[in-house]
Amino acid sequence: MQLYPALKARMGDWDYYIVKMRMKDVAIEVKFGSQVHNDFTLDEAIQRTIKESRVKKEIVTYLTRRPDRFFASLVVAAIGGSPSFFPVSISDDPQFGIFAGEEGIEDTFGLLRFSGTQSYYALDGQHRLKAIKTLLQPDDDQEWVEPPSGFENEEISVLMVLRPEDVDADKWLTSYRRLFSSLNRYAKPTDKDTNIIMDEDDTIAIITRRLISTHDFFMAEGRHIDSIKIQTKGRALSEGTSYFTSLQQLYYLNQILLTTPLRSNVGWGPDSDSEFVDIKQFIRYKPDDDYVDELYNELEQYWNALIEVIPELTTLKPSEARNHQADGTNGGVADNALFWPIGQEVMIRIARALLNKRLSDPTNPTLNQAKSAIKPLSKVDWNLHNVPWRGLLLVYASNTQKWTMRSEDRKNAMNVAEQLLRWITGIYPLDSRDEIELKQVWEARLGHLPDDDNTDEMWERIQGQCQISSD
């Protein structure tokens, strides 16, 4: 016989019970659908395939590393075992007499009893279940990972769904499949903006939030929407808005800035032999506060250097500098690459390449060293209507006679823009043969241009930028 303290609840057509189980009991008692039914046809194979890599690399690591570990409830179906619920009436206890008759109280608390012949299997939470089993009931010695001390007696809440006595097995299985698919279909993950705002383990998210909260360039000047520098919903930016960039884009740019050659090749973390070779692994587990501070201080130096070296970042207003039809004639503000995500990414990638090439220690720069390293960026023409951007990132639609940001073949166009800037800023000097090849690549990627644009003249202007930058 098995006995659980339980809360009885109902939603839709489902009666279910909220019980608690020890981890060791979950590992032993709760099975996967395939184990219960032993049938893998489309009609009967109701358990989705377990992603072993996710279980071992993510969930098991989370359980073993985090003393503040916590799981949401498992949803478990119980078959057989002659379940019986014995309600406990609070009116029987004088100290609870004042609550007697309250709606939703009576017959809610009680004991759920099974005969011991029942089978449990997961409706929702199979990856969490697999992680618990990996720690406490591994399939073999190779799978075994030492669990945290006392983990077997830690408790998890289980939402237990029972098969009604008047429903036969086939109908129950159909209902189960429907519930299983609903739980997974409508369990929508949090969006990227929310993750960046809330995550307390992702170091890049933590220092991105700190940058927005404390750095003069990024923090809001007041409590009005037009004073906010960072857009916190969605990644794309619209013309006329006052944001410098979006939260998602700033997170991405910060990650690029901090990706030094050492971290790319050896790993992320405070030690040279860091186990986190991959940034995706590193952001799952927060390092000590000293290392978070170290990364933030490094990132702050990069942004301080960029702001001082590229004056347009502070002298132009994003609301005026994001307008595809503005070419800067008649003294107006031109559409500027620095205020569009596509141009910001190219800028930051070139900045990182300059830091790699010109810093003696790319992971520990002073402000003056960082400024000196990225100084060639001050000579770049960021006007999207001029080369190297014209026709590459900003293209002309002859049918509407309007300029628009490139969407077709954008990634390849960005790669060419990056190659051109590496040449312009002196990262990769070109000999005559290399220059001819780059021109051919550039011409092949050019999008629509006005009829009177001459590509040879445009190329000469790119060459002129290279000469200015080398002076």
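Just above sits the structure.
For every chain, the first residue of the written sequence is number 1, and numbering continues from 1 onward in sequence order. In keeping with the model being predicted, local features are shown solely for residues with a pLDDT of at least 70 and side-chain atom pairs are shown and tallied solely at 80 or more, while totals for entire chains, interfaces and linings include all residues. Only hydrogens and water are set aside; all other atoms, that is, all heavy atoms of the structure, feed into the side-chain values.

A. Just a positive patch on the surface, in detail. Residues qualify for a patch when their relative accessible area is over 30% and they have no salt bridge, like charges being joined within 9 Å and the nonpolar side chains of Val, Leu, Ile, Met, Phe, Trp and Tyr within 5 Å. In this description, accessible areas are obtained by the Shrake-Rupley approach with a 1.4 Å probe, and a residue is regarded as covered only by the protein chains that are shown. Put simply, a salt bridge is a Lys or Arg side-chain nitrogen that is within 4 Å of an Asp or Glu carboxyl oxygen. Positive residues here are Lys and Arg, negative ones are Asp and Glu, while His and the chain termini are left out of the count. In this description, the location of a charge corresponds to atom NZ of lysine, CZ of arginine, CG of aspartate or CD of glutamate. Taken together, the side chains of Lys 357, Arg 358, Lys 375 and Lys 379 define a basic patch exposed on the protein surface. By the secondary structure assignment, Lys 375 is in the loop between helix H15 (367-374) and strand E11 (394-397). Under the DSSP-based scheme used, a helix requires at least four consecutive residues in state H or I and a strand at least two consecutive residues in state E, with every element numbered from the N terminus.

B. Local environment of the sheet that holds strand E5 (residues 84-87). DSSP bridges decide pairing: two strands pair if at least two such bridges lie between them. Overall, mixed pairing links the 8 strands, which are arranged E3-E7-E4-E8-E2-E1-E6-E5 in an open sheet. Two strands close off the open sheet at either side, each with one partner strand: strand E3 (30-31) and E5. Where strand E2 (residues 14-22) meets strand E8 (residues 155-162), 7 bridges bridge the pair, whose relative direction is antiparallel. If you follow Tyr 17 over to E8, its bridge partner there is Met 160. Contacting E3, strand E4 (74-79) and strand E7 (119-124), helix H4 (residues 126-136) runs over the sheet at an angle of about 130 degrees to E7. Contacts are assigned to residue pairs that have any heavy atoms within 4.5 Å of one another. Helix axes use the C-alpha atoms of the stretch in contact, all axes being lines fitted to C-alpha atoms, and the angles between their N-to-C directions lie in the range 0 to 180 degrees.

C. Spatial organisation of the packing of aromatic side chains. Only Phe, Tyr and Trp rings take part, Trp by its six-membered ring, and two of them pair if their centres are within 6.5 Å. Stacked means planes under 30 degrees apart, edge-to-face means over 60, and tilted covers everything else. Evaluated as defined, the whole model comprises 16 aromatic pairs. With a centroid separation of 6.4 Å and 20 degrees between ring planes, the pair formed by Tyr 62 and Phe 71 is classed as stacked. For the ring pair Phe 218 and Phe 244, a centre distance of 6.2 Å and an interplane angle of 65 degrees mean the geometry is edge-to-face. Taken together, the residues span a long stretch of sequence, with Phe 218 in the loop between helix H7 (203-214) and strand E9 (230-231) and Phe 244 in the loop between E9 and strand E10 (245-246) at a distance of 26 residues.

D. Focus on the environment of Gly 447. As for its placement among the helices and strands, Gly 447 is situated in the loop between helix H17 (432-445) and helix H18 (455-470). The buried label goes to any residue with under 20% of its type's maximum accessible area, the exposed label to any with over 50%, and the partly exposed label to all in between, with areas taken from a 1.4 Å probe on protein chains only. Of the residues examined, Gly 447 reaches a relative accessible area of 25% and is grouped as partly exposed. Taking the C-alpha atoms as reference points, Gly 447 and Leu 393, 54 residues apart in sequence, are found 8.1 Å from one another. The residues touching Gly 447, leaving out its near neighbours within four places in the chain, are Gly 391, Val 395 and Arg 406.

E. Here's a closer look at a negative patch on the surface. Side chains of Asp 271, Asp 288, Asp 290 and Glu 294 sit close together on the surface and give a patch of like negative charge. Topologically, Asp 288 is positioned in the loop between helix H10 (279-282) and helix H11 (289-309).

F. Highlighting H11. Look at H11: 30 Å from first C-alpha to last across 21 residues, which is about the 30 Å you get at 1.5 Å a residue. If you check which residues of H11 are buried, you get Tyr 291, Val 292, Leu 295, Tyr 296, Glu 298, Leu 299, Tyr 302, Trp 303, Ala 305, Leu 306, Ile 307 and Val 309. Nitrogen and oxygen atoms within 3.5 Å of one another constitute a polar contact, given that in protein one can donate a hydrogen and the other can accept it, and given that sequence-neighbouring residues count only through two side-chain atoms. For H11, the capping residue at the N-terminal end is Asp 288, with a side-chain oxygen 3.1 Å from the backbone nitrogen of Asp 290. One fewer than the residue count of a helix, multiplied by 1.5 Å, yields its expected span.

The quantities given are spatial measurements derived from coordinates; they are silent on function.
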